[in-house]
Amino acid sequence: MGRVIEGKPRQIRMAVTVLLAEGHLLIEDVPGVGKTVLAKALGRAIQGDVKRIQFTPDLLPSDVTGVSVFNQSTREFEFKPGGIFAHIVLGDEINRASPKTQSALLEAMAESQVSVDGRTHRLVQPFMVIATQNPIEMEGTYPLPEAQRDRFMARITMGYPARQSEVAMLTHHAGGNQLAAVQPVTDAATIASAIQAVRAVYVAPVINDYIVSMVEATRQHPELRLGASPRASLHLMRASRVAAALAGRDYVIPEDVQTLAVEVLSHRLLPTVEAQVAHRDPSTIMSAIVSSIPTPERG
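Residues numbered from 1 in each chain as written. Predicted model: local features only at pLDDT ≥ 70, side-chain atom pairs only at ≥ 80, totals over all residues. Heavy atoms only, no water.

A. Examining the overall build of the protein chain more closely. From N to C terminus, the protein chain includes 13 helices and 11 strands. At 20 Å, the protein chain has a C-alpha radius of gyration in line with the 19 Å of a compact globule built from 299 residues. If you line up the protein chain on its principal axes, its C-alpha atoms span 70 × 50 × 45 Å. Pairs at least 24 apart in sequence give 77% of the contacts found in the protein chain among residues at least 6 apart. (Helix = DSSP H or I, 4+ residues; strand = E, 2+ residues; numbered from the N terminus. Rg over C-alpha atoms; globule rule 2.2 N^0.38 Å. Contact = heavy atoms within 4.5 Å.)

Below is the structure:
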């Protein structure tokens, strides 16, 4: 993935972490910084099925989940799967679709299934939604409600590349579409097995208490009018297990939690008006909270 996304190892690692933690990723950034490329490169690397849904105001929920169509020859209704049926689903500019269409993702993201006409259809595994938002052009958009933002395990920004990385990007892309050069390093079945293995990573009670202390601090912070939910605690624990596994450990340490807390928790927080006036964004507040919570001592 690093061959086509220059100078963004942190973002690539977060995408892999969220995938192995059975979560979903929200990418908020300006156009042209590699949001779509990140999703497609991840799909190619795991040899998985990737589908792109362009969210527009006229997109219908059935375009996402699928629809039952009457078959004249069999005289029966047949289910035609929508764009959600893939290993990696790229929801491009998700905030441009109506709330009704946005909500079509909720069941899929929470339970890995969709219900259409009274029937439940399971999604393929592994399954991950990568949704993008453009924070600049907000005219005619429908901001994601907090309930839906809470479904995303983590939020990242791509940011502009460093000068050297951008020069390298021009050199590499002079030869054509670099996505075609991304070769699979594994397959979906192996990723599914890795997800099962990550579940066995040990999380000590003191680490769980550390995670809850961090989340509780967001609910009591004077600069926040909405703190993180219990689902946020669960997401932070799952992501920390993946961080431990990627580091070659079968147990979680406090540093795993600390390095992920801002990306996993900040998009769920709502600052007060006073904090907004003081230009205190949720990420800054979350970083201060992480620094303020005493780190558990290792036994």
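Now that the structure is up, let's keep going.
B. View of unusual backbone geometry. Between Gln125 and the following residue, Pro126, the backbone shows a cis peptide bond with an omega angle of -5 degrees. By the element assignment, Pro126 lies in the loop between strand S7 (119-122) and strand S8 (128-133). The phi dihedral of Arg75 is positive, around 60 degrees, even though this residue is not glycine. Along the chain, Arg75 turns up in the loop between strand S3 (66-71) and strand S4 (76-81). Given the relative accessible area of 57%, Arg75 is considered exposed. (Buried < 20%, exposed > 50% of the residue type's maximum accessible area, 1.4 Å probe, protein only.)

C. Seen up close, the sheet that holds S8. Strand order in the open sheet formed by five strands is S2-S5-S8-S1-S9, and the pairing between neighbours is parallel. Two strands in the sheet have a free side with no partner beyond their single neighbour: strand S2 (50-54) and strand S9 (154-156). Averaged over all adjacent pairs, the angle separating strand axes in this sheet is 20 degrees, with direction ignored. Its contacts with the sheet put helix H2 (residues 35-45) on strand S1 (25-28), S2, strand S5 (88-92), S8 and S9, and the angle it makes with S5 is roughly 170 degrees. (Pairing = 2+ DSSP bridges. Axes fitted to C-alpha atoms, helices over the stretch in contact; angles between N-to-C directions.)

D. Main features of the pairing of S4. Where S3 and S4 come together, six bridges link them in antiparallel fashion. Among the inter-strand pairings, Gly66 is bridged to a residue of S4, identified as Pro81. Here S3 hands over to S4 after four residues, with Arg75 in that stretch at a positive phi of 60 degrees.

E. Highlighting the nonpolar core. One finds Leu25, Leu38, Leu42, Ile130, Met214 and Leu265 to be the most contacted residues of the largest nonpolar core, which totals 64 residues. Here this core takes seven residues from helix H10 (residues 230-246), the largest share from any one element. Look past the residues within four positions of Met214 in its chain and what remains in contact with it is Leu236, Val257, Ala261, Leu265, Met286, Ile289, Val290 and Ile293. (Core = buried A, V, L, I, M, F, W, Y, C linked by side-chain atoms within 4.5 Å.)

F. Expanded view of the side chain of Ser229. With respect to the helices and strands, Ser229 occurs in the loop between strand S10 (224-226) and H10. Given the relative accessible area of 19%, Ser229 is considered buried. A distance of 2.8 Å separates polar atoms of two side chains, one belonging to Ser229 and the other to Asp150. Setting aside anything within four residues of it in sequence, one finds Ser229 in contact with Asp150, Val215 and Arg219. (Polar contact = N/O pair within 3.5 Å; in protein donor to acceptor, adjacent residues only side chain to side chain.)

G. Molecular detail of the pattern of salt bridges. The full count for this structure, using the stated rule, is 11 salt bridges. Linking Arg10 and Glu263 is a salt bridge whose minimum nitrogen-to-oxygen distance equals 2.8 Å. Highlighted residues: Arg10 in helix H1 (residues 9-20) and Glu263 in helix H11 (residues 254-265), separated in sequence by 253 residues. You can call Arg10 partly exposed: its relative accessible area is 37%. On the basis of relative accessibility, which here comes to 16%, the residue Glu263 falls in the buried class. Between Arg96 and Glu93 there is a salt bridge, with its nearest N and O atoms 3.2 Å apart. (Salt bridge = Lys/Arg side-chain N within 4 Å of Asp/Glu carboxyl O.)

H. Just the layout of surface pockets, in detail. Approximately 480 Å³ is the volume attributed to the largest pocket. Secondary-structure elements contributing two or more residues to the lining of the largest pocket are helix H5 (106-111), helix H8 (188-198) and H10. Among the residues forming the lining of the largest pocket, the class breakdown is eight nonpolar, six polar and eight charged. Of the volumes computed, that of the second largest pocket is approximately 360 Å³. (1 Å grid on protein atoms, 1.4 Å probe; cavity = no way out; pocket = protein on both sides within 12 Å on 5 of 7 lines; lining within 4 Å. Points joined across faces, edges and corners; volume = space filled by probe spheres on them. Nonpolar A, V, L, I, M, F, W, Y, C, P; charged D, E, K, R; others polar.)

I. Geometry of the pairing of strand S6 (residues 113-116). Across four bridges, the pairing between S6 and S7 is antiparallel. Its bridge partner lying in S7, Ser115 is registered against Thr120. Counting the residues between successive antiparallel strands, the hairpin from S6 to S7 contains two residues, one of them, Asp117, with a positive phi of roughly 55 degrees.

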